[in-house]
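# Summary of the model geometry
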Amino acid sequence: MAKAKYDYLLVGSGLYSGTIAALAAGAGKTCLVLEKRSEIGGNVYCETIEGIHVHKYGAHIFHTSSREVWDFVNRYAEFNRYTNSPIANFHGEIYNLPFNMNTFSRMWGIRTPDEARAIIEAQRAAVTGEPKNLEEQAIRLVGTDIYRKLIEGYTEKQWGRSCRELPAFIIRRLPVRYTYDNNYFNDLWQGIPIGGYNALTEKLFAGADRKTGVDYLEDPARWNACADRVIFTGPIDAFYGYRFGPLEYRTVRFETEVLDTPNFQGVAVVNYTDRETPWTRIIEHKHFEFGTQEKTVISREYSETWKPGMEPFYPVNDEKNAGIFAKYQALAAAEPKVLFGGRLGEYRYYNMDQVIASAMAAWRKLERQSEE
């Protein structure tokens, strides 16, 4: 039986709840964590296969330019020097990502930034006026060759729709570098926790009581009575019984297998950017931690339309869903005891550092309220 009274009930055990749990423990506050899955850690949970820390719910590469966030996570885990340098496979042609001089040299046989810039500028002119869809927006940003080989097929697999049917705002900008730099992120710091993400989340939740395999929404009144405040990081529409209809997501299906080879693709992430290959990318997990195991583990990722009962991954932030979410947000604002946070609670795409920063800001607000 749960303790009669906690300061906080944390619904879900991802990085948002983990940040609150760690900060609460540091302030002498008590937390009970409820997790519907059988494991703690949310989507950063890793399972160990053949001695390899496998990112069960997709590749997670920590990166940030926030000194506060970087210092925070390094209090709980040591990070390695992993640098995200993915590649793209277009019908067997290999290109570096993000779009940089290595990409342009491979695509056009050129060597200098001036040559690359001239080609892109000429191709961008194919779209005049205000871009009417994602295709036109992408061509306006990077030209036709890069769009056709490295954006079109991948994006259509991700969203399940033609780029001509997708709104232009989905691609507001695309990184183009006129340097030979394959580091995907511009952030000051990046890496993977040594020992995998479980090493981080175990420390974050170390001071909290935890219950797994428990669905808060099956008996919210019972669990609400256990704590003074509730931090809900599940889907906000599910919390309200889908009163205004379900919010839409894209989900990801994973096919993971062990291969009897020490090195399958030579890099952690390969994006398959042609339309014909059914998966969007292949992850080779050992490369996140520079593994030397005799075998390797790969995961093929397939982007699919979300249906109730499936794991929601990426919010579909279009006009329709924004309107629905605004209605749920109005209900949430009137909740005296419940704070909604994280990717599902706030219905927005978050990088990991952004989740942690959001939770830190929420904690500061909670602390101010408790002092009033």
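All of the points below concern the structure found in this document. Residue numbers run consecutively from 1 along every chain, following the written order of its sequence. Two thresholds apply to this predicted model, a pLDDT of at least 70 for residue-level local features and 80 or more for giving and counting side-chain atom pairs, whereas whole-chain, interface and lining totals are computed over all residues. Only hydrogens and water are set aside when side-chain values are computed; all heavy atoms of the structure are taken into account.

Turning our eyes to something else, we now look at the sheet that holds strand β6 (residues 87–90). Reading across from one edge, β7-β6-β12-β13-β14-β11-β15 is the order of the seven strands in this open sheet, with mixed pairing throughout. Lying at the two open borders of the sheet, with one neighbouring strand each, are β7 (93–96) and β15 (314–315). Paired strands, as defined in this entry, are two strands with at least two bridges between them according to DSSP. Numbering of helices and strands runs from the N terminus; a helix is a DSSP stretch of H or I covering at least four residues, while a strand is a stretch of E covering at least two. Inspection of the sheet shows strand β11 (residues 249–259) paired to strand β14 (residues 296–305) by 10 bridges, in the antiparallel sense. Among the inter-strand pairings, Glu-257 is bridged to a residue of β14, identified as Ile-298.

Within the open sheet, the five strands sit side by side as β9-β2-β1-β10-β16. Their pairing is parallel. Of all strands in the sheet, those with a lone pairing partner are β9 (209–212) and β16 (338–340), marking the two edges. Across the sheet, the mean angle from the axis of one strand to that of its neighbour is 20 degrees, orientation sign disregarded. With three bridges joining them, strand β10 (residues 227–232) and β16 adopt parallel strand pairing. Following the sheet pairing, Phe-232 is matched in β16 by Phe-340. Helix-sheet contacts for helix α1 (residues 15–26) involve β1 (6–11), β2 (31–35), β10 and β16, and the interaxial angle to β1 is about 165 degrees. Here, two residues are considered to be in contact whenever any of their heavy atoms come within 4.5 Å of each other. Throughout, an axis means a line fitted to C-alpha atoms (over the contacting stretch in the case of helices), and angles, computed between N-to-C directions, take values from 0 to 180 degrees. Contacts from helix α12 (residues 352–371) reach β1, β10 and β16, with the element oriented near 160 degrees to β10.

For a helix, the expected span equals 1.5 Å multiplied by the residue count minus one. An ideal rise of 1.5 Å per residue puts 28 Å on 20 residues; α12 measures up with 29 Å between its terminal C-alpha atoms. Only protein chains enter the accessibility calculation, which uses a 1.4 Å probe; a residue whose area is less than 20% of its type maximum is buried, one above 50% is exposed, and one in between is partly exposed. All of the buried residues in α12 are Met-352, Asp-353, Val-355, Ile-356, Ser-358, Ala-359, Met-360, Ala-362, Trp-363, Leu-366 and Glu-367.

This brings us to the packing of aromatic side chains. To pair, rings of Phe, Tyr and Trp, with the six-membered ring standing in for Trp, must have centres within 6.5 Å; the planes then decide the type, stacked if under 30 degrees apart, edge-to-face if over 60, and tilted in the middle. Using the criterion set out here, one finds 27 aromatic pairs in the structure. Ring centres 5.8 Å apart and planes at 70 degrees place the aromatic pair Phe-232 and Phe-340 in the edge-to-face group. Residue Phe-232 is located in strand β10, and its partner Phe-340 is located in strand β16; the two are separated by 108 residues in the primary sequence. Aromatic rings pair up to connect Tyr-216, Phe-232, Phe-239, Tyr-240, Phe-244, Tyr-328 and Phe-340 into one cluster.

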